[in-house]
Amino acid sequence: MQSGRYFVHSSPPLFGSIRSLSLQEKQLSLYNPYTREQINISYFIQGRYLPEALEKINYILRGHRTGEIKPMDTRLLDLLHAISREVQPNSPFHVVSGYRSPSTNEMLRRRRRGVAKNSLHMEGKAADIRLPDLSTASLRRIAAGMERGEVGYYPRLRFVHLDVGEVRYWRG
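Residues numbered from 1 in each chain as written. Predicted model: local features only at pLDDT ≥ 70, side-chain atom pairs only at ≥ 80, totals over all residues. Heavy atoms only, no water.

Quick word on the sheet that holds strand β3 (residues 26–32)
Rule in force here: At least two DSSP bridges between two strands are required for those strands to pair. The helix count covers DSSP runs of H or I at least four residues long, the strand count covers runs of E at least two residues long, and both are numbered beginning at the N terminus. Contacts are assigned to residue pairs with any non-hydrogen atoms lying within 4.5 Å of each other. Whenever a helix is involved, its axis is fitted only over the stretch in contact; in every case the axis is a line through C-alpha atoms, and angles between N-to-C directions fall within 0 to 180 degrees.
Spatially, β5-β4-β3-β6-β7-β9-β8-β10 is the arrangement adopted by the eight strands of the open sheet, whose pairing is mixed. Looking at strand neighbours, the two that pair on one side only are β5 (48–49) and β10 (168–171), the edges of this open sheet. Relative to strand β7 (residues 126–130), strand β6 (residues 93–97) is paired through three bridges, and the arrangement is antiparallel. Bridge pairing links S97 to D128 in β7. Running at roughly 150 degrees to strand β4 (residues 37–45), helix α2 (residues 51–60) makes contact with β3, β4 and β5 of the sheet. Sitting on the sheet, helix α5 (residues 136–146) is in contact with β7, β8 (150–154), β9 (159–163) and β10, with an inclination near 170 degrees to β8.

Here's what the structure looks like:
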């Protein structure tokens, strides 16, 4: 709206917008089909990550073959949160693979084509996921639209690979 020579803005000031974003609560709902464990948790409140919540998330996303736990990159958790906000699913993310130990990764490389030697799963920066109430193609499209890292599409295996590396897309 214009008043004389000056513009009068009705939107909140820039710093007010940044402050409201930093106070946002972030939640995740995850299910590990191998261990049948599920978690619904707030992991970020009032501008900070909650260490106890991150520990619980890391536990759910542990290597299911070895039981090894690695801290997961919070950018990956934030990506999952953003997808969840976009989709508003009725069920938790099913985590096909979260953290993967180097020994597990090497075993999978010997058994399957396409497993990366330096997989970001080993750094806690990747997860293979599905949402039971959303098609894999739709999940891939939504994740790719966020442009926050790699999105691998596995339609036959019904999961999507997400990581927080460089932005690129591929089909497995």
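Here the narrative resumes, following the displayed structure.
Some remarks on the pairing of β7
Within a regular beta strand, the side chains point alternately toward one face of the sheet and then the other, so they alternate between its two faces. To be explicit about the condition: We call a residue buried when its accessible area falls under 20% of the maximum for its residue type, exposed when it is over 50%, and partly exposed in between, using a 1.4 Å probe and counting protein chains only.
Taking burial as the measure, the five residues of β7 include four buried ones, the bulk of the element. With four bridges joining them, β7 and β9 adopt antiparallel strand pairing. Each residue of the ladder has a partner; that of A127, found in β9, is L162.

Topic: the nonpolar core
Applied cut-off: Residues enter a nonpolar core if they are buried and are Ala, Val, Leu, Ile, Met, Phe, Trp, Tyr or Cys, with the set joined through side-chain atoms within 4.5 Å.
L30 and L162 are the most contacted members of the largest nonpolar core, which totals 32 residues. Elements with a minimum of two residues in this core: β3, β4, α2, α3 (74–87), β6, β7, α5 and β9. In terms of residues, this core owes the most to one element, α3, which gives five residues. With sequence-adjacent residues up to four places away left out, L162 is seen in contact with L76, L79, L80, I83, K125, A126, A127, I129, A143, E150 and V151.

Digging into a positive patch on the surface
Here is the rule: Exposure above 30% relative accessible area and no salt bridge define the residues that can form patches, which grow by joining like charges within 9 Å and nonpolar side chains of Val, Leu, Ile, Met, Phe, Trp and Tyr within 5 Å. Computed by Shrake-Rupley with a 1.4 Å probe, the accessible areas treat only the displayed protein chains as cover when residues are assessed. For this analysis, a salt bridge means a side-chain nitrogen from Lys or Arg found within 4 Å of a carboxyl oxygen belonging to Asp or Glu. In this count, Lys and Arg are taken as positive residues and Asp and Glu as negative ones, while His and the chain termini are left out. For charged residues, the charge sits on one atom: NZ in Lys, CZ in Arg, CG in Asp, CD in Glu.
Together, R65, R110, R111 and R112 give the surface a local cluster of positive charge. Its location among the elements puts R110 in helix α4 (residues 102–111).

A closer look at the packing of α3 against α5
In plain terms, the rule: Note that the term roughly parallel is reserved for angles under 35 degrees, roughly antiparallel for angles over 145, roughly perpendicular for angles of 65 to 115, and oblique for everything else. For any pair of crossing helices, the crossing counts as left-handed if the nearer helix is rotated counterclockwise from the farther one by less than a right angle, and right-handed if it is rotated clockwise. Polar here means any residue outside two lists: the nonpolar Ala, Val, Leu, Ile, Met, Phe, Trp, Tyr, Cys and Pro, and the charged Asp, Glu, Lys and Arg; Gly therefore counts as polar.
Axis separation between α3 and α5 bottoms out at 10 Å; the angle between their running directions is 120 degrees. Between α3 and α5, the interaxial angle falls into the category oblique. For α3 against α5, the interelement crossing comes out right-handed. Contact residues: L79, A82, I83, E86 and V87 in α3; L139, I142, A143 and M146 in α5. A class-by-class count of the residues in the contact of α3 with α5 yields eight nonpolar, no polar and one charged.

Describing the side chain of H121
We apply this condition: Distance and chemistry together define a polar contact, namely a pair of N or O atoms within 3.5 Å, with one atom able to donate a hydrogen and the other to accept it when in protein, and with adjacent residues in sequence counting only for side-chain atoms on both sides.
Mapped onto the elements, H121 comes out in the loop between α4 and β7. Given the relative accessible area of 2%, H121 is considered buried. Reaching out from H121, the side chain makes a polar contact with the side chain of H161 at a distance of 3.4 Å. Here H121 is in contact with S97, G98, Y99, R100, A126, A127, D128 and H161, once residues within four sequence places are set aside.

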